[in-house]
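Geometric and topological summary
Below are the chains, spelled out letter by letter.
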Amino acid sequence: MESRLVLHAARDYNVRMSILPYAHKHVEKIHAYKPGKPISETARELHMRPDDIVKLASNENPLGASPVAVQAMQNTARDANLYPDGSSHVLRSKVAKHFKVGMGQVVAGNGSSELIEILCHTCLGPDTELVAARYSFTMYSLMCQLFGATFVEVENKPDWSHDLRAILRAVTSRTRLIFITNPTNPVGTMVQQAELDDFMAHVPEHVIVAFDEAYIHYADPQPDTLRYVQRGQNAVVMRTFSKAYGLAGVRAGVAITTEEIAELMNKARSPFNMNSLAQAAAVAALDDEQHLHSSVQLVRSEMKRYEQAFCRLGLSYIPSQGNFVLVKVGNGERVFNECLKRGVILRPMNGYGLHQYIRISVGTPEQNTRCLRVLAEALQA
Ligand SMILES: *Cc1c(COP(=O)(O)O)cnc(C)c1O
């Protein structure tokens, strides 16, 4: 009976059949992640050459990838017919040495976004809660929608930093995960060691605390969160190769955690989650300390220039420990569009309800000079 029904429906191709009644309701309702506007799309729209467009919208490394990492990928490309090492052995052993942890404590992922998703696979579902700050990575609330869990959003403090006390108060028996983005995106503020220590001393055992440290290399000082892992607390430290290592297009990230959580995460991930080029690039990038150092130095010196320029333009900004800065421009959407018309892609913040702000990623000196000139024009327009 059923098979006849299917056959009949398939032949009657004038009838538009919707699968939606059979799909997960919570998936249908997801608001997809909105990335920075791509250069290629902007070039098409403006009839400009891609090379004439400056993108300072996704916190990418303007110095590019480490040449050593590029060479490693070229060497690996010849073996692209072979499956990658599903255990990412070389990368994980390198990361383990680097952070002085056991290899069984390292999970490798297709960017830290995937690691966030894998971690959510281990413990999120209906009737569970994830707690995070309002001004932190949007990926966490997206994951809650995907897993049918409740996203508990906690207001940031008046200085825009994470309110760890309020985050603790938001914890219930249903809380499974807390995400601390440090430094946090999109505002660039940080919580420091003493506050973190106090927080970790009070967080209940049934909760996993994940530290999303995508921008940690730019911060000074850099709090040590590995200590919580080493003490055996339910903590996960997430690092990405997308920012200071300049490998956003390759997709590489690592999580360092307890053996128990690492084992769960490894069960939850797909077998070949990290491709061979990404593994090779990440291994090589870890050795190129020079490139990392130059990338961080560039951001620190150019950030000072931005701050001085904002003062000159009479704009207030949020002091940032990342490679990006939030600046208050009045009508953010309008300024974003005016800059876009002039070939500079910035990031509007409407998604966060920060209508008066735009986020600028720190680029090369030339890119930043152009951005500041265009920003001044946009404000007058
Ligand atoms: C950019 C960013 C990441 C990195 O994501 P990948 O998937 O590794 O590219 C992670 N967390 C935050 C807060 C970020 O801004």
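Residues numbered from 1 in each chain as written. Predicted model: local features only at pLDDT ≥ 70, side-chain atom pairs only at ≥ 80, totals over all residues. Heavy atoms only, no water.

**A short note on the overall build of the chain**
Spelled out, the test is: Helix and strand assignments follow DSSP, with helices taken as H or I runs no shorter than four residues and strands as E runs no shorter than two, numbered in order from the N terminus. We take the radius of gyration over the C-alpha atoms and set the globule estimate at 2.2 Å times the residue count to the 0.38 power. Partly exposed describes any residue whose relative accessible area lies between the buried limit of under 20% and the exposed limit of over 50%, with all areas from a 1.4 Å probe on protein chains only and scaled to the type maximum. In this description, contact between two residues means that some pair of their heavy atoms is separated by no more than 4.5 Å. Only the protein chains shown count as cover for residues, and all accessible areas are computed by the Shrake-Rupley method using a 1.4 Å probe. Positive charges come from Lys and Arg, negative ones from Asp and Glu, while His and the chain ends are left out of the count. The atoms used to mark charge sites are NZ of Lys, CZ of Arg, CG of Asp and CD of Glu.
Check the secondary structure of the chain and you find 15 helices and 13 strands. Computed over its C-alpha atoms, the radius of gyration of the chain comes to 22 Å, within 12% of the 21 Å expected for a compact globule of 381 residues. For the chain, the C-alpha atoms occupy an extent of roughly 70 × 60 × 50 Å along the three principal directions. Within the chain, the proportion of its 381 residues that are buried is 51%. In the chain, of all internal contacts separated by at least 6 residues, the share reaching a separation of at least 24 is 73%. Accessible area of the chain: about 18300 Å², with a carbon and sulfur share of 53%. Of the charged side chains in the chain, 40 are positive and 38 negative, and the gap between their average positions amounts to 4 Å.

**Points about the layout of surface pockets**
Operational definition: Whether a set of points on the 1 Å grid over the protein atoms alone is a cavity depends on a 1.4 Å probe fitting there but being unable to get out, while an open set qualifies as a pocket with protein on both sides within 12 Å along at least five of seven lines; lining residues are those with an atom within 4 Å of a point. Grid points are joined across faces, edges and corners, and a volume is the space filled by probe spheres set on the points. Polar here means any residue outside two lists: the nonpolar Ala, Val, Leu, Ile, Met, Phe, Trp, Tyr, Cys and Pro, and the charged Asp, Glu, Lys and Arg; Gly therefore counts as polar. An automatic or database domain assignment provides the domain bounds reported here.
Reported here for the largest pocket is a volume of approximately 1300 Å³. Forming the walls of the largest pocket are 45 residues, and the residues nearest its centre are Tyr 33, Lys 34, Pro 35, Thr 138 and Arg 347. Of all the elements in the fold, those that place two or more residues in the lining of the largest pocket are helix H6 (112-123), helix H7 (139-147), strand S4 (150-154), helix H14 (332-341) and strand S12 (347-348). Top contributing element to the lining of the largest pocket by residue count: H7, with 5 residues. For the lining of the largest pocket, the per-class residue count stands at 17 nonpolar, 16 polar and 12 charged. Residues from two domains meet in the lining of the largest pocket; each of domain 1 (31-62 + 290-380) and domain 2 (67-287) gives at least three. One number sums up the size of the second largest pocket: a volume of about 280 Å³.

**Description of empty space enclosed by the protein**
Summary: where empty space remains is shown by rolling a probe the size of a single water molecule over the atoms. Tallied over the full model, the rule gives 1 cavity of 30 Å³ or more. Together, Ser 66, Ala 244, Tyr 245, Ala 285, Asp 288, His 291 and Leu 292 line the largest cavity.

**Let's talk about unusual backbone geometry**
Here the residue pair Asn 182 and Pro 183 is connected by a cis peptide bond, since its omega of -10 degrees sits within 30 degrees of zero. Position of Pro 183 relative to the elements: it lies in the loop between strand S5 (175-181) and helix H9 (193-202). Positive phi outside glycine occurs at His 47, with the angle close to 55 degrees. Along the chain, His 47 turns up in the loop between helix H3 (39-46) and strand S1 (54-55). Take His 47: its relative accessible area is 75%, and that puts it in the exposed class. In this structure, Asn 59 is a non-glycine residue whose phi angle is positive, near 55 degrees.

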